[in-house]
Amino acid sequence: MDLSIHDLVKRFGKLTALDHVSLEVAQGSFVCFLGPSGCGKTTLLRVIAGLEEADGGSIRLGESDLSSIPARNRNFGVVFQSYSLFPNMTAARNVGYGLECRRWDRPRMQNRIKEMLDLVHLADQAEKLPSQMSGGQQQRIALARALAPDPSALLLDEPLSALDAKVREELRIEIRAVQKRLGITTIMVTHDQEEALAMADLIVVMSKGRIEQIGTPQQLYREPATAFVADFIGRMNVLPLDPGAAGSYRFAGTPLAVATLANGTANAATAAALGIRPEAVALREGGASGENILAADVRSVSFLGNITRVELAPENRPETAIVAELHGTATVPETGTRLAVSLPADALRVLS
Ligand SMILES: Nc1ncnc2c1ncn2[C@@H]1O[C@H](COP(=O)(O)OP(=O)(O)OP(=O)(O)O)[C@@H](O)[C@H]1O
Ligand SMILES: [Mg+2]
């Protein structure tokens, strides 16, 4: 069943934590809520879970309106950031907790516990207490516990953020694999863009209680609608447009051609800036003549292994740095040299 969220508002005193939020979560999809600290991700997840009451708007799961259904009857599996396992219960009893509450009979419960422990590859840890397991193992037990009662959706609030980098990456892959195998609708909160890009079918980018943009990882990376999204997902050079250039795009005195995107995002009337990814900026020696080419001085060069990052100061607007990322084999310029910087029309994005 699809989850349909319409016009949700949530206030804490004077603060509006959710400001008219609407979105659709398709059955079986993996959706990430992504945004900086305090933007309302956890609040949105808690309202969906029924742990927080909204001040306005509606949530529907398929045909049923969830507003009047208390959290325990919504049948969502929830996992939080900190391992919320019961410390005095073994892994197996933790996994079976929700089943005990639902009064499953013993043989059926034992079968289900085993099935869930196998699913997260921890069958050999069944008798351990949480304190005897690693953080990654504890989160996998928490996942198994959430999945055991066969919930209609899984709600995860930064389940990986307390883990170290390597375990995080392993668990990303594992959670996604489990989610796909079960086909369970999943919403995961994260402030880590890489995690969202790697895991999600759909990313909901939030800022200050509002949704900035919803899209697939590819859409958000290739066609960010706003400077906020462009800057939050990957790195983006944001080039503010010269004033008084309505109807055309001009940066640092150079007119720039922009290829209109298929989805028609490009719109000169509302444009505030142009964006371009560092890997799309091309550098050449020699004079700055030709379309979409401007002169700039190399301010710094950083070798980062697989790429070299070059920071450039445009001749007519040195305060707005343009960053270029060159791949391993490219010729690396010297600091202080003047180059021709090419900003290809098909790589420029119009940002509102
Ligand atoms: N129970 C509460 N009482 C008062 N204010 C709250 C409460 N819960 C959240 N807030 C406020 O609502 C806003 C959104 O909080 P929320 O926890 O949803 O943010 P978040 O996006 O999950 O941030 P983080 O990434 O830091 O977890 C914040 O300004 C927060 O201080
Ligand atoms: Mg949060």
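Residues numbered from 1 in each chain as written. Chains lettered and ligands numbered in written order. Predicted model: local features only at pLDDT ≥ 70, side-chain atom pairs only at ≥ 80, totals over all residues. Heavy atoms only, no water.

Per an unreviewed UniProt entry, the recorded name for the protein chain is Iron(III) transport system ATP-binding protein, and the organism is Stappia indica. If you open the UniProt record of the protein chain and go to Sequence similarities (unreviewed entry), you find "Belongs to the ABC transporter superfamily." (UniProt positions renumbered as here; feature names shortened; annotations may be inferred.)

Novice: Account for the pattern of salt bridges, with residues named and values stated.
Specialist: What the rule picks out here adds up to 17 salt bridges. One salt bridge connects Arg112 with Glu115, and the closest N-O pair in it is separated by 3.2 Å. Pair noted here: Arg112 and Glu115 are both in helix α3 (residues 106-119), with a separation of 3 residues, about one helical turn. The exposure class assigned to Arg112 is buried, which follows from its relative accessible area of 15%. Taking the relative accessible area as the measure of exposure, Glu115 reaches 44% and is therefore partly exposed. A salt bridge links Arg317 to Asp242; the nearest nitrogen and oxygen atoms lie 2.9 Å apart. Placement of Arg317 in the loop between β17 (307-314) and β18 (322-327) and of Asp242 in the loop between β11 (237-240) and β12 (250-251) is noted, with a sequence separation of 75 residues between them. Take Arg317 and Asp242: they sit in the same class, and that class is buried. (Salt bridge = Lys/Arg side-chain N within 4 Å of Asp/Glu carboxyl O. Helix = DSSP H or I, 4+ residues; strand = E, 2+ residues; numbered from the N terminus. Buried < 20%, exposed > 50% of the residue type's maximum accessible area, 1.4 Å probe, protein only.)

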